[in-house]
Amino acid sequence: MDSSQSSSYYTLYHYFREQFVLPLRQWLYRFVRTVLLVFIVASVGNFVFSYFFYTPKMHRLQEQNEAIVRKYQQLEQRVDASLARLTELRERDHAVYRAIFSTDTLDIPGVYTPYSAEKYADAGYGRYAPLMTQVWEKMDALGRQLYLQSLSYDEIERLAVDKDLMAEVVPAIMPIDKNMLRGDIGAFGMRMHPILKRYIGHEGIDMGAPTGTPVYATGTGLVADQRPQTGYGIQIVIDHGFGYRTRYAHLSKNLVKPGQLVKRGEKIGEVGSTGRSTGPHLHYEVIYRGKPVNPINYISRDMSEEEFRAITESAKATTYELNE
C-alpha cells in the first residue's frame, strides 16, 4: 500500500470517529448522567416527602396499627371486666358459700404472683410493646385466678353433696360448758408465753376451768392421736374429715382411745394442767388442711345453754347405746 492510500484510510478513520463514535460516547455519558441525576433527585424527594408526609402505603399501615391498638384496648377492657367479675365471685365464694360450710378460702401459693418478664419477651419492642405486654399479663392473671376459682367451686360442690355429714362433723360447739369457764379465753395468735417469757405463736385458745371439768368433742370424728407430748401433756386429737382436726390438751384424764368414733358433745376427757401449763385449763385447737385456724370462728355463739345440754345428753345417750 502506498503512502497516498494510507493517508486516505487514516483520514476516513478520523472522519468516522468524529462523526459517529465520539457523539455516541457523549450521548451515552449525558444519558447516564441524566439518569443518575433523576434518580438522586427522585430519592431525595421521596425521602423528604416520606419524612413530612404519609405515603399511601404508610397511611394504610398506620390505619392497620391503629386498628390493632383499638382491638388490644378493647381486649384489655374485657379482661379488666372479667377480673372484676371474678373478684365478685371470689368474695361471694368466701362470704356466702364457704361461710355456709364453715370452711376457709381455698388458696394456691403463687396464684396471684405475675410471671417473669421473660415470658413476654416475644411481645417485641417499640411503642406498642408495653400495651401488648400489659394485656397478656392480665390475661395470664385471669387464667390463673379462673383455675383457682374452678377448684374452689369443685370443693364447694363436694361439700354440698355431703352437707348433712359435714354439718355433724365440723367443730361447732364449745369444748367445755361455758358456765365452768374461769377468766377470759386466751387469744389465738402471737402472745407472750407465760412460761417461756417470749412472744411465740399460740395455735389455739386457752379456756380456764377447774380440774376434772368435762371436755366434749366439738364435732363427730375419729380419735387420731392421744399420745402425751411435752408441751401439750395429755392430749386428744380428733380427725373430723373434710380437712378438719381438733386438739384438746393439758388434760388430767383421757377417756377415749385411737380409732374410736366419738360424737359431737361426747365427753372425751377432763380438764387438767399436764404438760407446759401454769394452771388447770383446756388448750383447744382447730386445724384445717394442716394449718391452725382461730377456733372462735367455728364456735356457735348463738347456741343457748339448753341447746348445748341437749347435744351433750344426746351424745351421752348414743354412746351408752353403742356400749350396750
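Structure: above.
What counts as what
Residues numbered from 1 in each chain as written. Predicted model: local features only at pLDDT ≥ 70, side-chain atom pairs only at ≥ 80, totals over all residues. Heavy atoms only, no water. Phe/Tyr/Trp six-rings, centres within 6.5 Å; stacked < 30°, edge-to-face > 60°. Helix = DSSP H or I, 4+ residues; strand = E, 2+ residues; numbered from the N terminus. Buried < 20%, exposed > 50% of the residue type's maximum accessible area, 1.4 Å probe, protein only. Polar contact = N/O pair within 3.5 Å; in protein donor to acceptor, adjacent residues only side chain to side chain. Contact = heavy atoms within 4.5 Å. Patch = residues over 30% accessible without salt bridge, like charges linked within 9 Å, V, L, I, M, F, W, Y side chains within 5 Å. Areas by Shrake-Rupley, 256 points an atom, 1.4 Å probe, with all protein chains shown as cover. Salt bridge = Lys/Arg side-chain N within 4 Å of Asp/Glu carboxyl O.

K.L.:
How should I be thinking about the packing of aromatic side chains in this particular structure?
P.N.:
Aromatic rings considered in pairs are described by the distance between their centres and by the relative angle of their planes. Tallied over the full model, the rule gives four aromatic pairs. Centre to centre, the rings of Y216 and F308 are 5.7 Å apart; their planes meet at 80°, and the pair counts as edge-to-face. Here Y216 is found in strand β4 (residues 214-216), whereas its partner F308 is found in helix α5 (residues 305-323), with 92 residues between them in sequence. With relative accessibility at 12%, the residue Y216 sits in the buried group. The buried category is assigned to F308, whose relative accessible area is 7%. The interplanar angle of 40° and the centroid separation of 4.6 Å between the aromatic rings of Y244 and Y288 together place this pair among those described as tilted. Note that Y244 is positioned in strand β7 (residues 244-254) and Y288 in strand β10 (residues 281-288), a separation of 44 residues in sequence. Across the pair, Y288 and Y244 agree in class, each one buried.

K.L.:
Honestly, the side chain of D177 in this entry has me stumped. Any pointers?
P.N.:
Relative to the elements of secondary structure, D177 occurs in the loop between α4 (163-169) and β1 (189-192). Reaching out from D177, the side chain makes a polar contact with the backbone nitrogen of N179 at a distance of 3.0 Å. Side-chain polar atoms of D177 contact the side chain of R309, separated by 2.5 Å. For D177, the residues in contact, after removing those within four places along its chain, are Y216, F308 and R309.

K.L.:
Can you help me understand a nonpolar patch on the surface in this one?
P.N.:
On the surface, a cluster of nonpolar side chains totalling about 1100 Å² of accessible area is made up of W27, L28, F31, V32, V35, L36, F39, I40, V44, F47 and V48. By the secondary structure assignment, W27 is in helix α1 (residues 3-52). Looking at W27, the relative accessible area reads 52%, which means it is exposed.

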